[in-house]
Amino acid sequence: MTRASDTQGPARDRTRDGAVLSKEGLPGWLDPVVRAVETVRPTQLSRFLPPADGAGRQSAVLILFGDGKREGEGGEEAGRGPELLLMERAGSLRSHPGQPAFPGGALDPEDGDPLGDGPLRAALREAEEETGLDPAGVQLFGVLPKLYIPVSGFVVTPVLAWWREPTPVGVVDPAETARVFTVPVADLTDPANRVTTIHPSGHRGPAFLVESALVWGFTAGIIDRLLHFAGWERPWDRDKQVPLDWRA
């Protein structure tokens, strides 16, 4: 199988003020994601783009892909196939309480330039703080265009990564995180798990019923677009609806 590093030029072909994005050694199944990240345009991801006047709080999320393998009895490797790392935000938080989401949050001054490697550092730092993830086992390989979340005023940089050396993860601070879990990509592409959420405001969006959770909003939108542009999307019933309430 062709690997992404075989088709994308030098292993370390892009930097952000010294922070390296490397495609070296990525598994072949990530090739479609790598291609999608390098070609997708902001308007193909969302109609909500950062304000032209520069307003909004700079933030980043970590979209972490793993191979889903776990060591079983006798040392054999078994698993559910490629997966994504998600977390459920604590219900007491002011922004997006109780929602499943990618690990991430606002940039701190020590993260550096928001237009440079700041989002890369912030995505890893927040993931470590929220899930206990060891950044040493994470390989960053791409960055999507900045997007905007109007309800909270966040300008979000999605940072994509490969979980090269998986480490145990879990809730670090219950005041921030209610649950940490992984979702097989196969479950996300299963039409039986796909629905459309309807907000009382009239907004409609893609969603996923996986791991006893309803993944919707910004996170579901990014997953939906990644599945589509990577060529992994399967036909699903967009008329299958789940209503949201005003607290969502």
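Residue positions are given per chain, counting from 1 as you read along its sequence in written order. Under the rules for a predicted model, residues below a pLDDT of 70 receive no local features and side-chain atom pairs below 80 are neither given nor counted, while totals for whole chains, interfaces and linings still include all residues. To get the side-chain values, take all heavy atoms of the structure and skip hydrogens and water.

**Student:** Is there a simple way to explain the pattern of salt bridges in this structure?
**Tutor:** Think of it this way: side chains of opposite charge can pair up when their charged atoms draw near. Salt bridge, as used here, is a side-chain nitrogen of Lys or Arg placed within 4 Å of a carboxyl oxygen of Asp or Glu. Taken as a whole, this structure holds 13 salt bridges when the rule is applied. Here Asp111 ties to Arg125 by a salt bridge, and the two come within 2.8 Å at their closest N and O atoms. Residue Asp111 is found in the loop between strand S8 (104-106) and helix H4 (118-131), and its partner Arg125 is found in helix H4; the two are separated by 14 residues along the sequence. Arg225 is the salt-bridge partner of Asp224, the closest N and O atoms lying 2.9 Å from each other. Of the two residues examined, Asp224 and Arg225, each falls in the buried class. We count a stretch as a helix when DSSP gives it H or I for four or more residues in a row; a strand needs E for two or more, and each element gets its number in order from the N terminus. Exposed residues in this analysis have more than 50% of their type's maximum accessible area, buried residues have under 20%, and partly exposed residues fall in between, with area computed by a 1.4 Å probe over protein chains only.

**Student:** Is there a simple way to explain helix H6 (residues 217-229) in this structure?
**Tutor:** Every α-helix carries 3.6 residues per turn, so stepping three or four residues along brings you back to the same face. One less than the residue count of a helix, multiplied by 1.5 Å, gives the span that helix is expected to have. The end-to-end C-alpha separation of H6 is 18 Å, in line with the 18 Å expected for 13 residues at 1.5 Å each. Just downstream of H6 lies Gly231, where phi reads positive at about 80°.

**Student:** Help me understand the confidence of the model for the chain, please; the structure alone is not making it clear to me.
**Tutor:** A low pLDDT means the predicted coordinates there should not be read in detail. pLDDT runs from 0 to 100 and stands for how confident the predictor is about each residue. Mean pLDDT for the chain: 88, with 85% of residues reaching 70 or above. Within the chain, helix H1 (residues 4-7) has the poorest average pLDDT of any element, 36, and helix H5 (residues 185-189) the best, 98. Contacts were defined at the residue level, with two residues in contact if any of their heavy atoms lie within 4.5 Å. When the criterion is pLDDT under 50, residues 1-18 qualifies, and its contacts beyond four places in sequence or with other chains add up to 47 contacts.

**Student:** Which parts of the structure should I look at to understand the packing of aromatic side chains?
**Tutor:** What describes a pair of aromatic rings is the distance from one ring centre to the other and the angle between the planes of the rings. Pairing of aromatic rings covers Phe, Tyr and the six-membered ring of Trp, with a centre-to-centre limit of 6.5 Å; geometry is then stacked below 30 degrees between planes, edge-to-face above 60, and tilted otherwise. Taken as a whole and judged by the stated rule, the model has three aromatic pairs. Pairing Trp29 with Trp162 gives two aromatic rings, centres 5.9 Å apart and planes at 75°, and the pair type is edge-to-face. Separated by 133 residues along the polypeptide, Trp29 in the loop between strand S2 (19-21) and helix H2 (31-39) and Trp162 in strand S11 (residues 154-163) bring together distant segments of the chain. Under the relative-accessibility criterion, Trp29 is labelled partly exposed at 21%. Classification of Trp162 by relative accessible area gives buried; the value is 8%. Where Trp29 meets Trp232, the ring centres are 6.5 Å apart and the plane angle is 40°; that geometry is what we call tilted. Of this pair, Trp29 sits in the loop between S2 and H2 while Trp232 sits in the loop between H6 and strand S16 (241-243), placing them 203 residues apart in sequence.

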